[in-house]
Amino acid sequence: MRQTKLIAIVCAILVFALVASACSSNGSNTQTPTNAPEQTKDNVSGQATDAPAAPVKIKMVVSDHSVQAPGADDPRIKYLEEKTNTDLDIEFLAHGTYLDQLKLQFASGEFPDVYQSWSGPELDLIEGGKILALNDLIDQYGPNLKANIPQAAWDAVTVKGEILAIPQPALTQSGQVMFIRKDWLNKLNLQVPTTSDELLEVLRAFRDGDPNGNGEPDEIPFSMRENISWGDNIFGMWGVGTAWTEYYHNDEVILGNIHPNILKPLEYINALWNEKLIDSEFLTNDRVRWESKIRAGFVGVWGHAPALVTQWNTDLRASIADQNPEVIVIPTPRGTGYDGPLGTRWSPINKTFIVTKDAENPEAIIRYFDWLMSEEGQIFAELGIEGDTFFTATSDGRITFDAKKAEGIRWLDTVVRVHGYNPEMTRIKLGDDEMFAYLDEAYTIANTEGFVNEAVGMPPIADERNMTTMFREAAAKVLIGHAPLSDYEKFMADWRAQGGDDLIKERTAWYNENRK
């Protein structure tokens, strides 16, 4: 959510003025609450509201995300209960075994009111009638949820038109962006490249112009990592991804590895290889070796997660201070002859909360999450409680965050938070306006480019028909000139013939039944 200013903290308990009517199914399986709330009067408008007079008990199961879980008497839980008029019973399960423990509970017939996941519910739970569809409840009790969760996130948890979870939007829809040494551009009087041809010219200048200033031809214009990873934005110049990215193309759901658009980036990377514009070890770089080259000041362009732009600036300023390095994120350049979406695949959700049909008061659950999505709730989830971990200046309303106490409220961000990127909260926590400017631009780019990954929300692929191994072998040979591009096209056909077509039929059938 983009915000331009921060409103004052509301001190009174937030009261939701909502229309008092029973939830109808309308094809969404929404059940009517068994414990009807008492009607009260809204203190501001005097209108009747169906908010319950007494706190509603909610049983919730979540992962501890490998973060220290709060005690039952934690003041932040008490604060959350007061603000949402709930009596929370939160069970924190160990992150490493969370899904296994959850399945054991379900197998024994124990279903909480709501549980946390990272996707929609499992197919067997849906087919077994254990999951509550939320369409009508969200329409009635979730105005903040509706206003602040993007459609891509809702789509990821919607099956046959039914919303089966409350999704937390990812901080960025695109998980990978293109980084470039802006100080190198400045030194060589170059502009940010906007097309694949312009990027090629920039990389050539980085190779020949000695931008690191050591008098040696040791620059690595572009670098990637082993297994053809962290180079997704090169493929994204033609709107295609590789492993685990699926597309609805020509009436089929296919993997990006066999999308016809993949041929152009393979050809492009091969050209980089032939001109010595790409790291000679790009097929074997592990993380440590790859990162060490960047920190040593040899690499001009690379792909990575947008959130790491501050870390790269910090690291390079420490390791090569004499170069006055500056790292920025740039929009993915447009590939020659291509006019579709650019960037990398969307991963629109971070985590999800799934309501079961055992919940006696599902409307209270939606109110709970809706408050967390309000401005007041977002402040709490990221900064904690005023006077404890953050403070508001009475003169100008400026908020300061006590970073020394950040670890103590880390669980709020991992467990309680349901909103996506909040620029103002991020600025406050970061406490560095220069670094925030880099980060905000990176997030803006990552949230305004990219393409739909149809795999999001679909059942996982149980058998990929050896795609990963076959793809890496076929692509690597083409990238370093050991095989012509036609050999890759042969791989595409061979994979389909050896079982890939069956997988495509399975995925397409699910898509046609559940998404159309």
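Residues numbered from 1 in each chain as written. Predicted model: local features only at pLDDT ≥ 70, side-chain atom pairs only at ≥ 80, totals over all residues. Heavy atoms only, no water.

### A closer look at the layout of surface pockets
And then number 1: Here the largest pocket defines a volume of roughly 730 Å³.
And then number 2: Lining the largest pocket are 26 residues, with Leu171, Glu382, Asp413, Arg417 and Lys429 positioned closest to its centre.
And then number 3: Those elements that provide at least two residues to the lining of the largest pocket are strand S8 (166–169), strand S15 (349–355), helix H15 (410–416), helix H16 (423–430) and helix H17 (433–448).
And then number 4: Residue classes in the lining of the largest pocket are distributed as 13 nonpolar, six polar and seven charged.
And then number 5: A volume near 630 Å³ is recorded for the second largest pocket.
And then number 6: Ser119, Ala455, Gly457, Met458 and Pro460 are, among the 28 residues lining the second largest pocket, the residues nearest its centre. (1 Å grid on protein atoms, 1.4 Å probe; cavity = no way out; pocket = protein on both sides within 12 Å on 5 of 7 lines; lining within 4 Å. Points joined across faces, edges and corners; volume = space filled by probe spheres on them. Helix = DSSP H or I, 4+ residues; strand = E, 2+ residues; numbered from the N terminus. Nonpolar A, V, L, I, M, F, W, Y, C, P; charged D, E, K, R; others polar.)

### What about the packing of helix H18 (residues 467–479) against helix H19 (residues 485–514)?
And then number 1: Running from N to C, H18 and H19 cross one another at 170 degrees; their axes reach a closest spacing of 8 Å. As far as their axial angle goes, H19 and H18 are roughly antiparallel. Contact residues: H18 offers Met467, Met470, Phe471, Ala474, Ala475 and Val478, while H19 offers Leu485, Tyr488, Phe491, Trp495 and Gln498.
And then number 2: The residue inventory of the contact of H18 with H19, partitioned by class, reads ten nonpolar, one polar and no charged. (Axes fitted to C-alpha atoms, helices over the stretch in contact; angles between N-to-C directions. Parallel < 35°, antiparallel > 145°, perpendicular 65-115°, else oblique. Contact = heavy atoms within 4.5 Å.)

### Details of the packing of aromatic side chains
And then number 1: Under the definition given, this model contains 19 aromatic pairs.
And then number 2: On the numbers, 5.0 Å between centres and 65 degrees between planes, the contact of Phe106 with Tyr115 is edge-to-face. For the pair Phe106 and Tyr115, one class covers both residues: buried.
And then number 3: The rings of Phe179, Trp290, Trp302 and Trp312 are connected pair by pair, giving a single aromatic cluster. (Phe/Tyr/Trp six-rings, centres within 6.5 Å; stacked < 30°, edge-to-face > 60°. Buried < 20%, exposed > 50% of the residue type's maximum accessible area, 1.4 Å probe, protein only.)

### Regarding the sheet that holds S15
And then number 1: The five strands are arranged S4-S3-S5-S15-S8 in an open sheet whose pairing can be described as mixed. Each edge of the sheet is formed by a strand with only one pairing partner; in this case those strands are strand S4 (86–93) and S8. Averaged over all pairs of adjacent strands, the angle between their axes in this sheet comes to 20 degrees, without regard to strand direction.
And then number 2: Contacts from helix H13 (residues 362–373) reach strand S3 (56–63), S4, strand S5 (114–117), S8 and S15, with the element oriented near 65 degrees to S3. (Pairing = 2+ DSSP bridges.)

### Here's the deal with the confidence of the model for the protein chain
And then number 1: Of all residues in the protein chain, 90% attain a pLDDT of 70 or more, and the chain-wide mean is 90.
And then number 2: Contacts of residues 1–48 to residues separated by more than four positions or lying in other chains number 113 contacts, the stretch itself having pLDDT below 50. (pLDDT = per-residue confidence, 0-100.)

### Description of the pairing of S3
And then number 1: With six of eight residues buried, S3 is to be regarded as a mostly interior element.
And then number 2: Bridge count between S3 and S4: eight bridges; the pairing is parallel. Looking at S4, one finds that Val62 is bridged to Phe92.
And then number 3: Each parallel crossover has a hand, and for S3 linked through helix H1 (residues 75–84) to S4 it is right-handed. (Right-handed = clockwise from strand over helix to strand, strands pointing away.)

### Here we look at the environment of Pro265
And then number 1: Residue position: Pro265 is located in helix H10 (residues 263–274).
And then number 2: For Pro265, a relative accessible area of 0% puts it in the buried group.
And then number 3: Spatially, the C-alpha atom of Pro265 lies 9.7 Å from that of Gly239, the residues being 26 residues apart in sequence.
And then number 4: Apart from residues no more than four positions distant in its own chain, Pro265 is found in contact with Ile234, Phe235, Trp238 and Val240.

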